[in-house]
Every structure is written in structure tokens, then in C-alpha cells.
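# Chain and residue survey
Here is what each chain is made of, one letter per residue.
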Amino acid sequence: QVQLVESGGGLVQPGGSLRLSCAASGSIFSINAMGWYRQAPGKQRELVAVIPSGSSTNYADSVKGRFTISRDNAKNTVYLQMNSLKHEDTAVYYCNADIRSTTRSTTTSWGQGTQVTVSS
């Protein structure tokens, strides 16, 4: 019904920066919370940052002060600005969104993921 497509991943050196984007499309009535998760090799998927439809944001302690989540509602897009990247930030990053469809039902959607590799 809806699709989320991430972009912006890549290879960066420690201390570098990267900006991820995720655009939603489909039968969208409105989008509530949008967020980013990540999954490193051998580890469980974890929450990175969430931004509700309002102005508040939530971050994992490990990224607080380094990452910034934002959204452009007109474009149905959420961003993740990642600064001061560390080796432990290496993971596949997944976009997530709670989307209210045109039928008024709410569905949690996931993107396919984008690889972020931090290496010297």
C-alpha cells in the first residue's frame, strides 16, 4: 500500500558525516511518527531516532548530540543527519513510519534499508 525508500548511505571515515533520507509514497492520508532504526551485524535492530508529527524528537543515548532527525511533511520525507560518526555506528539503517492510509487505518511501514559503514 505504501512504500518507504531510503537513500544516502555509504562509506565514511570516523568523525565524518552522512545524511540519510527516506521518502514515503502511496495511499497516504497522513503520517504520524517517523523514525530510524539500525541493525549491526550480529545485533538486534535498535531504535536510533523518532520524530512524531509534532515538534518533539527522541534519540537513543548512543547518538544523542551527534544525530539529528527532521522531516518535511510536504514531501513525506524524514532525514537523519549523522555527524561525528563512530565505528559502532556501522549498520543497516531502516526507515520506519506509522502511516494512516486513505482508509483511515494505521500501518507501520519499513524501508529496505541503507548501509552505513564507518571505517578508517
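Residues numbered from 1 in each chain as written. Predicted model: local features only at pLDDT ≥ 70, side-chain atom pairs only at ≥ 80, totals over all residues. Heavy atoms only, no water.

### Some details on the overall build of the protein
Using the following cut-off: Segments assigned H or I by DSSP are reported as helices when at least four residues long, segments assigned E as strands when at least two residues long, and all are numbered from the N terminus. Throughout, the radius of gyration refers to the C-alpha atoms, and the reference size of a globule is 2.2 Å times the residue count to the power 0.38. Throughout, a contact is declared for two residues whenever any of their heavy atoms are within 4.5 Å. We get accessible surface area from the Shrake-Rupley algorithm with a probe of 1.4 Å; when it comes to residues, only the shown protein chains can shield them. Two residue types count as positive, namely Lys and Arg, and two as negative, namely Asp and Glu; His and chain ends fall outside the count. A charge is said to be at NZ when it belongs to Lys, at CZ for Arg, at CG for Asp and at CD for Glu.
Assigned secondary structure in the protein consists of 0 helices and 11 strands. Taking 14 Å as the expected radius of gyration for a compact globule of 120 residues, we find that the protein reaches 14 Å, a close match to that expectation. Across the protein, contacts joining residues at least 24 apart in sequence account for 56% of those joining residues at least 6 apart. When the accessible area of the protein is evaluated, it comes to approximately 6,300 Å², of which 45% is carbon and sulfur surface. Between the centroid of the 11 positive side chains of the protein and the centroid of its 7 negative side chains there is a distance of 5 Å.

### Looking at the pattern of salt bridges
For the record, the criterion: Note on definitions: salt bridges are taken to be side-chain nitrogens of Lys or Arg within 4 Å of carboxyl oxygens of Asp or Glu. Here the term buried applies to any residue with accessible area under 20% of the maximum for its type, exposed to any over 50%, and partly exposed to those in between, with areas from a 1.4 Å probe on protein chains only.
For the structure shown, the criterion picks out 4 salt bridges. Taking the shortest distance from any N to any O, the salt bridge between Arg38 and Glu46 comes out at 2.8 Å. Exposure remark for Arg38: the relative accessible area of 6% places this residue in the buried category. For the salt bridge of Asp89 with Arg38, the shortest nitrogen-to-oxygen distance reads 2.9 Å. Of the two residues, Asp89 sits in the loop between β8 (77-82) and β9 (91-101) while Arg38 sits in strand β4 (residues 28-39), which places them 51 residues apart along the sequence.

### Regarding the sheet that holds strand β7 (residues 67-72)
To keep things clear, this is the line we draw: DSSP bridges decide pairing: two strands pair if at least two such bridges lie between them. Only the stretch in contact is used when fitting a helix axis, every axis being a line fitted to C-alpha atoms; angles between N-to-C directions are given from 0 to 180 degrees.
Strand order in the open sheet made by the 4 strands is β1-β3-β8-β7, with antiparallel pairing throughout. Each edge of the sheet is formed by a strand with only one pairing partner; in this case those strands are β1 (2-7) and β7. Pairwise comparison of adjacent strand axes, ignoring direction, gives a mean angle of 15 degrees for this sheet.

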